[in-house]
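If you want the building blocks of each chain, they are given just below.
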Amino acid sequence: MRHRTLTFPALTLLLATAAHAQTEYYRHSVFDNSLQRDVYYYSSAQATAPSSLEGTHSRLPVDTGHFLSPPNALRIHWQSMPGGGWDAEVHLDNFRNRSPGLSGRTLYFWVYSSAMIAAADLPNVMLSQAREGLQVATFPGSFTAPEPLGRFIGDLPADKWVEVRVPMTSLHSASVYPFIPEQVQSVIFLQGRADGVEHTLLVDQVHVGDEPASPALALATPLRVAAKGYERHVVVEWAPGGAEPAAHYVVYRSQDGGAFRPIGIQVPGVHRFVDWLGRTGVTASYRVAVADWSNRTSTPSAAATASTHAMSDEELLTMLQEAAFHYYWEGADFHSGMTHENIPGDDRIVATGASGFGIMALLAGTDRGFITRAQGLERLTQIVNFLEHADRYHGAWSHYMNGATGHTMAVFGMLDNGGDLVETAFLMQGLLTARQYFNRASQGERSLHQRITRLWESVEWDWYRDATQQKDFIYWHWSPTWGFQIHHPLIGFNEVHVVYLLAIASPTHGVPASTYYSGWASQAPMAQSYREGWSGTTDGNHYRNGKSYFGIPLDVGVGTGGPLFFAHYSYIGVDPHQLHDKFTSSYFQNFRNMALINHAYCIANPKHQVGYGAGAWGLTASDGPSDYVPHAPDDAHDTGTLTPTGALASFPYTPAESMIAFKHYYRDLGAELWDIYGPRDAYNPGADWVSPIYMGLNQAPIVAMVENYRTGLLWRTFMSNPEMSVMLQKLDAASR
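Starting afresh in each chain, residues are numbered from 1 along the sequence in its written order. Residues qualify for local features only when their pLDDT is at least 70, as the model is predicted, and side-chain atom pairs are given and counted only at 80 or more; totals for whole chains, interfaces and linings, by contrast, use all residues. Excluded from the side-chain calculations are hydrogens and water; all other atoms, namely the structure's heavy atoms, are used.

**Q** Can you walk me through the pairing of strand E26 (residues 552–556) in this structure?
**A** Across a regular strand the side chains alternate sides, sitting on one face of the sheet and then on the other. Any two strands with at least two DSSP bridges between them are considered paired. Each helix is a run of H or I in the DSSP string that is no shorter than four residues. Each strand is a run of E no shorter than two, and both are numbered from the N terminus. Taken together, the 4 bridges between strand E25 (residues 544–549) and E26 define a ladder with antiparallel strand orientation. For Tyr 549, the partnering residue across the bridge sits in E26 and is Ile 552. Between E25 and E26, which pair antiparallel and follow one another directly, the connecting turn spans 2 residues, one of which, Phe 550, has a positive phi of 55°.

Here is the structure:
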């Protein structure tokens, strides 16, 4: 089954307009919809008797029957009694790399009630620069004095959505510090007059902005809407009819010849929507419109129709690869073609290592016909153009760069303003695979080959041994400002194996093969302490493990193996079938066992996490409800968060177990997990949490490793680089 690529007039100009659309949207949006069907994770609901407030696990429920922006709204159901109290808090979702400040001095939201509520009986409202619970008064935390909601709208009529406008500069701080509107973190509704009556208020489309200075512009209808059916969902695509909308796109569906009803929204800059229908044999038609913050909508587009249908396992795998591939195709940075660190996120930030993985996804997508070979070559040429002019530090690129300028972005702090050799190795793994894939005689492919070779040969792997110290190790970072101050030696076993392999392979700036054993597989006390420090165990602290877990032996790895990205990142191109050393005769078998241990741990589920089982496994690194965690099958790193790429990128190692997980994630959990780039980044069923973002590091390994399982394409292509056979020979000699 081949993907039909949509082509639109002036598409390049439209993409340029959309380049920063998501960043701008999230400078305004506080709440638009809940990803969870029953509860909004980024909220809290608390009551003090005898007052009451409806809540689920101390969070606000959502309503799917009435909404302003589909498919849901927040529901506040309360009873205010004398001597009691309640508060319903709506928190800003501070996902990774979200801009730290909101833009605008007026808070807007819409409210609805099926019954009239007098102004005096409406709740109070206040704003806070902190999040839930009692906060210590530390700068810059501040909050406003409660204001009656009725002050802003009067009596609330029945069965009518009413817009509320709260000029934030008119509110008074009730804190020891001034209130700063741009730093709002929480919108809080709380008990007002104790009338003893139950009320229900729906709240939707909470955002900040400024009053428009000019009359509203006409809204352009989206163009060329297309729909494509899969087993249980339909993908709707379109082209913008003009500038990106101020607020969002609205998607409408009709079934069985019925009326078109709104089913969801999409943020500016994204022209793809997933409608989860949940079963095969469903035919639906779709239209798309543009909406502004005042909820004016454009004329809906022409309709497009598609049907869900039964799919074989092979078709399902193609569907999975195609969906995740699009993160690296239309989700890529407009200027550079590089991979965004996360979507949504800061549209400026591109990630070096994730871009290397993204190149692998582009190659797999090209080979499967999701894009043409000419399109793949054009994108790789764009990426190389960018990399040739981007900041480099003795040949290494930084971890993060500005996609428009190529300059380093020190996302991890002031010391992180130089070269990152690990990210560079992940990138180079992808570039070297592309060098061998685009191997035809055309001028474009020959030029790409030559330019990638120059980039490869200019990486100074030997510089990163730090000549001022012992040269036993390769070090992660170097900065022209701070030198080797971070001084993080690369010690296995973890995700950075490929650094040593490429450093040994380099024809121009190589390191001795002996460095593999003095550094990566070091037996020095410092290396043992390093392994014990992050794992909390002595198992595998000498690099070799040699123990069994759940009856499964593990030659190499610390503890029960660690997060599964250890078995993925360095081996998207490096074929573990061909890799062995003093400690294991087969890294492929070692990683198969690592994945099987992870699978067995999730079945045993010693911490009794919600949702674990034979179809829900694959602990690996991702953001969770609270923060980033390298999730792993051990007590310290098992937080109840599951990351689909863990099981799905393990397809080459555990095809049967990975297919069961894939079908569970898609067929059973697809209503919450499946979206425009395939399975969402992570979820925690015990916490009612689904990740609001996709990660550049996590979708590409799905595309690439599924392709390695199906055809071995990327392993075969990368290992065809002549430097790799030389590297293996050197490693064999050092291993004797």
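**Q** Honestly, the sheet that holds strand E17 (residues 272–276) in this entry has me stumped. Any pointers?
**A** By definition, the strands of a sheet pair up through backbone hydrogen bonds, in either a parallel or an antiparallel sense. Pairing is antiparallel in the open sheet, where 3 strands are placed in the order E13-E14-E17. Here the strands that pair on one side only, and so sit at the sheet edges, are strand E13 (223–229) and E17. The sheet shows a mean angle of 20° between the axes of neighbouring strands, taken without regard to direction. Relative to strand E14 (residues 233–239), E13 runs antiparallel, the two sharing 5 bridges. Between N-to-C directions, angles span 0 to 180 degrees; the directions come from axes that are lines fitted to C-alpha atoms, helices contributing only their stretch in contact.

**Q** Before we go on, may I ask you to explain the environment of Phe 95 in this structure?
**A** Mapped onto the secondary structure, Phe 95 falls in the loop between strand E6 (85–91) and strand E7 (106–112). Here the alpha-carbon distance between Phe 95 and Asp 627, two residues 532 residues apart in the chain, equals 9.5 Å. Phe 95 has contacts with Tyr 26, Pro 344, Gly 345, Pro 692 and Ile 693, leaving out every residue within four places of it along the chain. In what follows, residue pairs with any heavy atoms lying within 4.5 Å of each other are defined as contacts.

**Q** Please explain helix H9 (residues 497–505) as it appears in this structure.
**A** An α-helix turns once per 3.6 residues; consequently, residues spaced three or four apart project the same way. Categorising residues by exposure relies on relative accessible area from a 1.4 Å probe, with only protein chains included: less than 20% of the type maximum marks a residue as buried, more than 50% marks it as exposed, and the intermediate range marks it as partly exposed. Extensive coverage of H9 is indicated by the burial of 9 of its 9 residues. Lining the buried residues of H9 we find helix H7 (421–437), helix H8 (443–457), helix H10 (515–520), helix H12 (587–604), helix H17 (713–719) and helix H18 (722–735).

**Q** What is the right way to look at the nonpolar core in this model?
**A** One recurring pattern in soluble globular proteins is that nonpolar side chains are buried together. Buried Ala, Val, Leu, Ile, Met, Phe, Trp, Tyr and Cys residues that are joined via side-chain atoms within 4.5 Å together make up what is termed a nonpolar core. Core analysis: the biggest nonpolar cluster contains 160 residues, and Leu 387, Phe 493, Leu 502, Tyr 516 and Phe 662 have the highest contact counts within it. Sequence-distant contacts of Phe 493, that is, excluding residues within four places in its chain, are made with Trp 520, Arg 531, Trp 534, Tyr 543, Val 556, Gly 557, Val 558, Phe 566, Tyr 571, Tyr 587, Phe 591 and Met 594. Core analysis: the next-biggest nonpolar cluster, separate from the first, contains 44 residues, Leu 102, Leu 156, Leu 171 and Phe 189 among them.

**Q** Please explain the packing of helix H4 (residues 313–325) against helix H16 (residues 696–710) as it appears in this structure.
**A** The geometry of H4 relative to H16 is characterised by a closest axis approach of 8 Å and an angle of 145° between their N-to-C directions. H4 and H16 meet at a crossing whose hand is left-handed. Mapping the contact onto sequence places Glu 314, Leu 317, Thr 318, Leu 320, Gln 321, Ala 324 and Phe 325 in H4 and Gln 699, Ile 702, Val 703, Val 706, Glu 707, Tyr 709 and Arg 710 in H16. Of the residues that constitute the contact of H4 with H16, the class distribution is 8 nonpolar, 3 polar and 3 charged. Rotating anticlockwise by less than a right angle from the far helix to the near helix defines a left-handed crossing, while the corresponding clockwise rotation defines a right-handed one. All amino acids are sorted into three groups, where Ala, Val, Leu, Ile, Met, Phe, Trp, Tyr, Cys and Pro are nonpolar, Asp, Glu, Lys and Arg are charged, and the leftover types, Gly among them, are polar.

**Q** I would appreciate a short explanation of the pairing of strand E16 (residues 261–266) in the present structure.
**A** Bridging between strand E15 (residues 248–255) and E16 involves 5 bridges; their strand directions are antiparallel. Looking at the pairing, Val 251 lines up with Gly 264 of E16.

**Q** What's the story with the packing of aromatic side chains in this structure? I'm lost.
**A** Here a ring pair, both rings aromatic, is described through the centre-centre distance and the interplanar angle of the planes. Aromatic contacts are taken between Phe, Tyr and Trp rings whose centres are within 6.5 Å, Trp giving its six-membered ring; a plane angle under 30 degrees counts as stacked, one over 60 as edge-to-face, and the others as tilted. Going through the model one piece at a time under the given rule, you end up with 50 aromatic pairs. With 4.9 Å between their ring centres and 40° between their planes, Phe 565 and Tyr 569 make a pair best called tilted. Taken as a pair, Phe 565 and Tyr 569 share a single burial class, namely buried. Considering the side-chain rings of Tyr 587 and Phe 591, the 5.7 Å spacing of their centres and the 45° angle between planes classify their relative orientation as tilted. Taken as a pair, Tyr 587 and Phe 591 lie in helix H12 at a separation of 4 residues, close to a single helical turn.

**Q** Whenever I open this one, unusual backbone geometry confuses me. Can you help?
**A** With glycine set apart, most residues show a phi of negative sign, and most peptide bonds adopt trans. Cis rather than trans, the peptide bond between Ala 49 and Pro 50 has omega equal to 10°. Along the polypeptide, Pro 50 turns up in the loop between strand E2 (43–48) and strand E3 (52–53). That bond from Gly 492 to Phe 493 is cis: its omega, 15°, falls within 30 degrees of zero. Along the chain, Phe 493 turns up in the loop between strand E24 (477–478) and H9. In this model, Asn 97 sits at a positive phi of 60°, which is unusual for a non-glycine residue. Position of Asn 97 among the secondary structure elements: in the loop between E6 and E7. In the Ramachandran plot, His 608 falls in the positive-phi region, its phi being about 60° despite a non-glycine side chain. Tracing the chain through its elements places His 608 in the loop between H12 and strand E27 (621–623). Under the relative-accessibility criterion, His 608 is labelled exposed at 70%.

**Q** Looking at this structure, I do not really get the side chain of Gln 321. What am I missing?
**A** Mapped onto the secondary structure, Gln 321 falls in helix H4. Classification of Gln 321 as buried rests on a relative accessible area of 1%. N or O atoms within 3.5 Å of each other form a polar contact, as long as, within protein, one can give a hydrogen and the other can take it, and as long as residues adjacent in sequence are counted only when both atoms are side-chain atoms. Separated by 2.8 Å, the side chains of Gln 321 and Arg 710 make a polar contact. When near neighbours in sequence (up to four residues on either side) are disregarded, Gln 321 contacts Arg 368, Phe 370, Val 703, Val 706, Glu 707 and Arg 710.

**Q** I'm lost on the sheet that holds strand E8 (residues 124–128) in this one. Help?
**A** The strand order across the open sheet formed by 5 strands is E2-E6-E11-E8-E9, and the pairing between neighbours is antiparallel. The sheet is open, and its two edges are formed by E2 and strand E9 (147–148), each paired on a single side. Pairing of E2 with E6 involves 6 bridges; the strand directions are antiparallel. Within the sheet, the bridge partner assigned to Ala 47 lies in E6 and is Trp 86.

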